[in-house]
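# Per-entry structural report
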Amino acid sequence: MFAEFKHTLRRMRGQMIGWGIGLALYVVLMVSFYSSVAGMGNLMEDFLKVYPEEMLAFFGSIMDLNTPQGYLDIYYFNYMTVILGIFAVGACASLLVGDEEKGILDLVMAHPVSRTALFWGRLAGFVAATVVILLVSWLSWVIPAGRSGLELTWVEFLQPFLPLFAELLLFGTLALLLSMVLPSGRMAGMTTGGFLIANYLLVGLANINQDLKPIVQYTPLHYYQGGYAVSGVNWGWLAGLLAVSVVFVLLAWWRFQRRDIRVGGEGGWRLPSLPFRRRAATGVSRHSV
Amino acid sequence: MSEKAALMTQGLMKSYGKIRALRGVDLEVRRGEIFGYLGPNGAGKTTTIRCLLDLIRPDGGTVRVLGIDPQADPVGVRARIGYLPGELALDSNMTVEGALRYFNALRGNKVDWDFVRQLARRLQLDLKPHIKNLSHGNKQKVGVVQALMHRPELLLLDEPTLGLDPLMQHEVYHLLREARADGATVFFSSHIISEVETLAERVAIIRQGVIVEEAEPSQLVSMAMRRVWVRFKEAVDPTPLAQVEGVTLLSTSNNIAVHLQVEGEVDSLIKALAAFPVSDFEIERPSLEEIFLAYYESSDKEES
């Protein structure tokens, strides 16, 4: 298992460096802007009031832009579920199936490594890579914060990263589970990615249209605190998100234990043929039978 | 199952949807032998090997590898096996050495690295380049090295010399014979008949998911039809020759020469010829290729 963990981390080092440096640069830039935005005070509020109400409602916390938690939410945590969600979904959709589709898994699994060790070793590698990326982002907020008036402790900065991590884990493990069930990793990635973006939009739209509230409460991003976790983490929500991730992981693991390792698409499921397509394929009409 | 069997399958069945890849494969490979698994593309060779490794789960039948059920103890089986897949795919961003060290790590870092270097030297494989920069043949060499490097008890090789030049093919044959001399069992699939004829001590021919023949290559040859040309010192009546069991008279040339077809062994014919004034005698030995093709042609005719 440790060999697979190390191997996964080594393969993800490019993503860790790319995402880590990219987000660090962005965060440092955002931190340096904070003193200017906070200094604008009522001027910013007056400016935002010009925007249509629906637009302000969509972004929810935009009127709190001159508070630390509002600023963190708007400029980082609000949409980081989507940005880093793309990383998590992409990485998990191909965590095992990517190698399977390339034919690499065939040789790896001919070595004395159990399916369980392979599964958990790779998943642990993904989790570690995600933690490294979030850790770099957190340090990028914490280190320069004092100079720009973002007067939060390192714990307060850390708190919103916990729900973010839980959301990334949830969408990542959903992609992993779907990759075990759907015919290709790409399909699993697209399905989960589509769900993630739809959920993000739905949460925003639910702020405008109250009729959507009952639906949105069944989606993961409804339980995402964003930058407001600075004031305190909702541990119940966090535990719920993590519990769902655990269910997805266990289902994916159970499925991986039982399925064939595919080569060239063998063993994938197909949609059942529609009746008219079946007739066309056999060349037999309904009346001639 | 025999105690001496390195691997055994009984009634092995596997389907992919409506395609029945294996329809009851019965195989027994003895410990310490080189066994050739012969069949055209799509006959079920790779599916059989992947069932032995628990990469795919059979729909029915029994599998034992080195006396172990691969589904019950896959790690235990794989620890004692060296495998070379038919369509070898490696992580292209790794170096050759990096890939081999990764495989070694999966085996608990038990491999003697001097032996790895020795194998690489014999196959003229450079350990430094990235996999993505290797030719198909050099990638295949990486596959051969990783299959042999831990000195496995059983080698499962799916088309082992695919993409190798003739010199390297012969080096692989040497390596496999050496592994066998050290006590390993070699089970390899191929559709290259000359390779099977050169290397294998016993052969199984698979066709559409069923074993149609299992024997030593020489037995297969002796069981097959062969043609015999006989020239006599003087004109003779060839009728007694045509009455020998398994012999058919194809043609005569002024009763001075005859062209015969013999099914099975030629012993009876030679004894019958002792009564004739023979001046020349020639047997055309069928190649394994002809036998192999005969199996497929006869099966196709049966189907049609």
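A brief structural summary. Just so it is clear, the model here is predicted, and its values are computed rather than measured.

Conventions adopted
- Residues numbered from 1 in each chain as written.
- Chains lettered and ligands numbered in written order.
- Predicted model: local features only at pLDDT ≥ 70, side-chain atom pairs only at ≥ 80, totals over all residues.
- Heavy atoms only, no water.
- Helix = DSSP H or I, 4+ residues; strand = E, 2+ residues; numbered from the N terminus.
- Buried < 20%, exposed > 50% of the residue type's maximum accessible area, 1.4 Å probe, protein only.
- Contact = heavy atoms within 4.5 Å.
- Axes fitted to C-alpha atoms, helices over the stretch in contact; angles between N-to-C directions.
- Left-handed = near helix turned anticlockwise from the far one by under 90°.
- Nonpolar A, V, L, I, M, F, W, Y, C, P; charged D, E, K, R; others polar.
- Patch = residues over 30% accessible without salt bridge, like charges linked within 9 Å, V, L, I, M, F, W, Y side chains within 5 Å.
- Areas by Shrake-Rupley, 256 points an atom, 1.4 Å probe, with all protein chains shown as cover.
- Salt bridge = Lys/Arg side-chain N within 4 Å of Asp/Glu carboxyl O.
- Buried area = accessible area lost by both parts, 1.4 Å probe.
- Polar contact = N/O pair within 3.5 Å; in protein donor to acceptor, adjacent residues only side chain to side chain.

### A short note on the environment of G24 of chain B
Residue and element names in this part refer to chain B.
- Residue position: G24 is located in strand β2 (residues 19-30).
- A relative accessible area of 18% means that G24 is categorised as buried.
- A sequence separation of 224 residues divides G24 from T248, and the C-alpha atoms of the two residues are 36 Å apart.
- Discounting chain neighbours no more than four positions away, the residues touching G24 are G11, L12, M13 and G209.

### Quick notes on the packing of helix α10 (residues 161-181) of chain A against helix α11 (residues 185-208) of chain A
Residues and elements named next belong to chain A.
- Closest axis-to-axis distance for the α10/α11 pair is 8 Å, and the angle between their directions is 145 degrees. Crossing hand, α10 versus α11: right-handed. Packed against α10, whose contacting residues are F171, L174, A175, L178 and S179, the element α11 presents A188, T191, T192, F195, L196 and N199 at the interface.
- Across the contact of α10 with α11, the residue classes break down as 7 nonpolar, 4 polar and no charged.

### Here we look at a nonpolar patch on the surface
Residues and elements named next belong to chain A.
- A surface patch of nonpolar side chains, about 310 Å² in accessible area, is lined by I197, L201, L205 and I208.
- Tracing the sequence through the fold places L201 in helix α11.
- Here L201 falls in the partly exposed class, since its relative accessible area comes to 41%.

### Topic: the interface of chain B and chain A
- Of the residues lining the interface, 24 residues belong to chain B; the matching set on chain A comes to 27 residues.
- Together, the buried faces of chain B and chain A total about 2,300 Å²; carbon and sulfur atoms form 57% of this surface.
- Summed over the shared surface of chain B and chain A, the number is 3 salt bridges.
- The partner of R11 of chain A in a salt bridge is D91 of chain B, with the nearest N and O atoms 3.0 Å apart.
- At the surface where chain B touches chain A, the tally comes to 13 residue pairs in polar contact (both at pLDDT 80 or more).
- Looking at the side of chain B that touches chain A, the elements that each hand over two or more residues are β1 (5-16), α2 (74-78) and α3 (96-106) of chain B.
- Element by element, the count of residues in the side of chain B that touches chain A is highest for α3 of chain B, at 4 residues.
- Its residues placed into classes, the side of chain B that touches chain A shows 16 nonpolar, 1 polar and 7 charged.

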